[in-house]
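# Descriptive structure summary
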Amino acid sequence: MTDLSALETDLTKAIAAASDEAALEAVRVAALGKAGSISALLKTLGAMTPDERKEKGPLINGLRDRVSQSAKS
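Description of the structure in this document. (Residues numbered from 1 in each chain as written. Predicted model: local features only at pLDDT ≥ 70, side-chain atom pairs only at ≥ 80, totals over all residues. Heavy atoms only, no water.)

## Let's talk about the pattern of salt bridges
For the record, the criterion: Here a salt bridge means any side-chain nitrogen of Lys or Arg lying within 4 Å of a carboxyl oxygen belonging to Asp or Glu. The numbering of helices and of strands both runs from the N terminus, where a helix is a DSSP run of H or I of at least 4 residues and a strand a run of E of at least 2.
Throughout the structure, instances matching the rule amount to 3 salt bridges. Note that R28 and E25 form a salt bridge whose closest N and O atoms lie 2.7 Å from each other. A residue pair is termed a helical-turn pair when its members lie 3 or 4 positions apart in one helix, as R28 and E25 do in helix 2 (residues 21–32) at 3 residues.

Laid out in structure tokens, this is it:
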């Protein structure tokens, strides 16, 4: 599994570096779009055991929510 902390750091930096709305939207789509990095992680939840899902599900969903909020700001 991808290191969620490193992914969040990279995405936060990319959001902060976005110079305009188009750049910000590009970062959002790269993370949360259909083929985005966070979307890909969410797709892996179905293949996890229930215990893994309980552990990693909230972490991935929290990351999605934080990135989504940051991209809106």
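## Re the nonpolar core
For clarity, the threshold we go by: The criterion is simple. A nonpolar core is a set of buried Ala, Val, Leu, Ile, Met, Phe, Trp, Tyr and Cys residues joined through side-chain atoms within 4.5 Å. Buried residues are those whose accessible area, probed at 1.4 Å on protein chains only, stays under 20% of the maximum for their type, while exposed residues exceed 50% and partly exposed ones sit between those limits. Contact between two residues is taken to exist if any of their heavy atoms lie within 4.5 Å; hydrogens are not considered.
Of all hydrophobic cores here, the largest spans 15 residues; its most connected members are L7, L11, I15, I38, L63 and V67. Those elements that place two or more of their residues in this core are helix 1 (4–17), helix 2, helix 3 (37–44) and helix 4 (50–72). Excluding residues within four positions of it along the chain, V67 makes contact with L11, I15, A31, L32 and I38.

Don't take any of this as a statement about function, it's just geometry.
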